[in-house]
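Examination of the molecular architecture
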Amino acid sequence: MNLVTFGIIAVLIISYFCSDSLRDIYENFGVYFPFFNISVYFDLFKYVFIPRFVSVNSAETLFAIEDLEQRNGKNSKDLYLSILGKVFDVSSGQSYYGAGQMYHGFIGRDASRAFITGDFSESGLTDDVLDLPLQDLRHLKEWLKMYEDKYKYKGKLIGKYYDEEGNPTDYNKKIMERFDEAEENENSAAKEKEKFPPCNVEWTAEKGSRVWCSVRSGGIERDWVGVPRKLYSPGSNSYRCACINKPVSENNVPSGDEMSQYISEYENCDINSYSCYVKTS
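For the structure given in this document, a descriptive report is provided here. (Residues numbered from 1 in each chain as written. Predicted model: local features only at pLDDT ≥ 70, side-chain atom pairs only at ≥ 80, totals over all residues. Heavy atoms only, no water.)

1. Here's the deal with the state of the cysteines
The test is simple: In what follows, a disulfide is any cysteine sulfur pair within 2.5 Å. A run of DSSP states H or I qualifies as a helix once it reaches four residues; a run of E qualifies as a strand once it reaches two. Both are numbered from the N-terminal end. Whether a residue is buried, partly exposed or exposed follows from its accessible area with a 1.4 Å probe, protein chains only, as a fraction of its type maximum: under 20%, in between, or over 50%, in that order.
Evaluation of the coordinates by the stated rule reveals three disulfides. One disulfide bridge connects Cys199 with Cys241, the sulfur atoms lying 2.0 Å from each other. Across the S-S bond of Cys199 and Cys241 the torsion is about -75°, and the bridge reads as left-handed. Placement of Cys199 in the loop between helix H7 (170-195) and strand E6 (200-204) and of Cys241 in strand E9 (residues 239-244) is noted, with a sequence separation of 42 residues between them. The residues Cys199 and Cys241 share a single accessibility class, namely buried. Here Cys269 pairs with Cys276 through a disulfide, and the sulfurs are 1.7 Å apart.

Encoded structure:
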């Protein structure tokens, strides 16, 4: 403990035990003792004398942006990065995050967006991800899970995702809502894939592209084969090949299914065939 620290602690102790007496002197005689005003020293400790990163509890630390910038392997031996406002020590990954390595651009900052875009320019190394498509946000959450599993969590970065008390910001809450939405979409997509399994696809120079269905096509095991059909995305001209289970309606799509309006036949293919040769653009 250095002399300055010892002196400040001593003043704090004296101020604590003598504050009532000093307040009486001030009220009765108008004599003010600013050096024994305990609130002054608490403020000094909070904003000046403590490190710029502040322990919230034994397991978590709050980092200012400037502190994280110092954990770059140059000013400090540590290699820290932040993703979605959570700080991780990746020093064990020198071959990936060290100076001159592929992912060094992530070090000393929160560059969450670049995990998805791969844009390592200064404008691309940003923590702004709210406008990313839901599927990209889901992948970003998978990146976060990888860091949680592989590297040591160090704390939170004060800024876009967490305030100075370590509480989630409004921006963070919006991201969490988007994550929930992405999860719901993924669950819906999984249910759709199970209901309308993808076709098998192959291409040969002699015959071109062929799509066909089997009891395991699309990786979905089932007790029916189905027939190949175009399954369009709602509101889009894009489609994928899906295996459609029978019975079918007069229009050769599942009877009474709300998705029927998005299903159509392949040209020049028998409506009952489980295999079709298709034209590709």
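2. Looking at a nonpolar patch on the surface
Keep this limit in mind: Residues qualify for a patch when their relative accessible area is over 30% and they have no salt bridge, like charges being joined within 9 Å and the nonpolar side chains of Val, Leu, Ile, Met, Phe, Trp and Tyr within 5 Å. All accessibility values rest on the Shrake-Rupley procedure with a 1.4 Å probe; residue burial counts only the protein chains present in the view. Put simply, a salt bridge is a Lys or Arg side-chain nitrogen that is within 4 Å of an Asp or Glu carboxyl oxygen.
Together, Val215, Val225 and Tyr274 give the surface a local cluster of nonpolar side chains, amounting to about 240 Å² of exposed area. Mapped onto the elements, Val225 comes out in the loop between strand E7 (208-212) and strand E8 (227-232). Val225 gets classed as partly exposed once you look at its relative accessible area, which sits at 31%.

3. Let's talk about the packing of aromatic side chains
Our working rule: Only Phe, Tyr and Trp rings take part, Trp by its six-membered ring, and two of them pair if their centres are within 6.5 Å. Stacked means planes under 30 degrees apart, edge-to-face means over 60, and tilted covers everything else.
Under the counting rule described, the total for this entry stands at 17 aromatic pairs. Here the aromatic rings of Tyr97 and Tyr103 are separated by 6.0 Å at their centres, their planes lie at 40°, and the arrangement is tilted. Under the relative-accessibility criterion, Tyr97 is labelled buried at 4%. Grouped by ring-pair contacts, the aromatic residues Phe88, Tyr96, Tyr97, Tyr103, Phe106, Phe115, Phe120, Trp143, Tyr147, Tyr151 and Tyr153 constitute a single cluster.

4. Regarding the sheet that holds E8
To be explicit about the condition: A pair of strands counts as paired when DSSP detects no fewer than two bridges linking them.
Taken together, the three strands give an open sheet; going across it, the order is E9-E8-E10, and neighbouring strands pair in antiparallel fashion. In this open sheet, the two strands that pair with only one neighbour each are E9 and strand E10 (263-264).

5. Overview of the pairing of strand E4 (residues 86-89)
Here is the key point about a regular strand: its side chains alternate between the two faces of the sheet. Bridge analysis of strand E3 (residues 80-83) against E4 gives four bridges, and the strand direction is antiparallel. From the neighbouring strand, Ser82 faces E4, where its bridge partner is Val87. Count of turn residues in the E3/E4 antiparallel hairpin: two residues, of which Leu84 carries a positive phi of about 55°.

6. A look at the packing of helix H6 (residues 134-150) against H7
Our working definition: Inter-axis angles, ranging from 0 to 180 degrees, are taken between N-to-C directions of lines fitted to C-alpha atoms, where helices are fitted over the stretch in contact. Angular relationships are summarised with four words: roughly parallel below 35 degrees, roughly antiparallel beyond 145, roughly perpendicular across 65 to 115, and oblique for the angles in between. The contact criterion used throughout is that any non-hydrogen atoms of two residues lie within 4.5 Å. Under the scheme applied, nonpolar residues are Ala, Val, Leu, Ile, Met, Phe, Trp, Tyr, Cys and Pro; charged residues are Asp, Glu, Lys and Arg; polar residues are all the others, including Gly.
Direction vectors running N to C along H6 and H7 enclose 105°, while the axes themselves pass 9 Å from each other. Taken as axis vectors, H6 and H7 run roughly perpendicular relative to one another. Only Arg178, Phe179, Glu181, Ala182, Asn185 and Glu186 of H7 make contact with H6, whose side of the interface consists of Leu134, Leu137, Arg138 and Lys141. Broken down by class, the residue content of the contact of H6 with H7 amounts to four nonpolar, one polar and five charged.

7. Looking at the nonpolar core
Cut-off, in case you're wondering: The criterion is simple. A nonpolar core is a set of buried Ala, Val, Leu, Ile, Met, Phe, Trp, Tyr and Cys residues joined through side-chain atoms within 4.5 Å.
Ranked by internal contacts, the top residues of the largest apolar core, which has 27 residues, are Ile83, Leu84, Val90, Tyr97, Val129 and Tyr147. Those elements that provide at least two residues to this core are E3, helix H5 (114-117), H6 and H7. Counting residues per element, this core draws most heavily on H6, which supplies five residues. Ignoring sequence-local partners within four residues, the contact set of Tyr97 consists of Leu79, Leu81, Val90, Tyr103, His104, Ile107, Tyr147 and Tyr151. The next biggest cluster of nonpolar side chains, apart from the first, holds 10 residues, and it includes Val211, Cys213, Trp224 and Val278.

8. A closer look at the pattern of salt bridges
Under the definition given, this model contains 11 salt bridges. The partner of Asp149 in a salt bridge is Lys145, and the shortest N-O contact between them spans 2.7 Å. Of this pair, Asp149 and Lys145 both sit in helix H6, four residues apart, roughly one helical turn. Given a relative accessible area of 55%, Asp149 falls into the exposed group. For Lys145, a relative accessible area of 44% gives the class partly exposed. Glu267 serves as the salt-bridge partner of Lys230, at 3.2 Å between the closest nitrogen and oxygen. Note that Lys230 is positioned in strand E8 and Glu267 in the loop between E10 and strand E11 (275-278), a separation of 37 residues in sequence. Taking relative accessible area as the criterion, Lys230 reaches 9% and is therefore assigned buried.

9. Some remarks on the environment of Leu144
Relative to the assigned elements, Leu144 resides in helix H6. Measuring from C-alpha to C-alpha, the distance between Leu144 and Lys86 comes to 8.6 Å, with 58 residues separating the pair along the chain. Excluding residues that lie within four positions of it along the chain, Leu144 makes contacts with Ile83, Leu84, Lys86 and Phe88.

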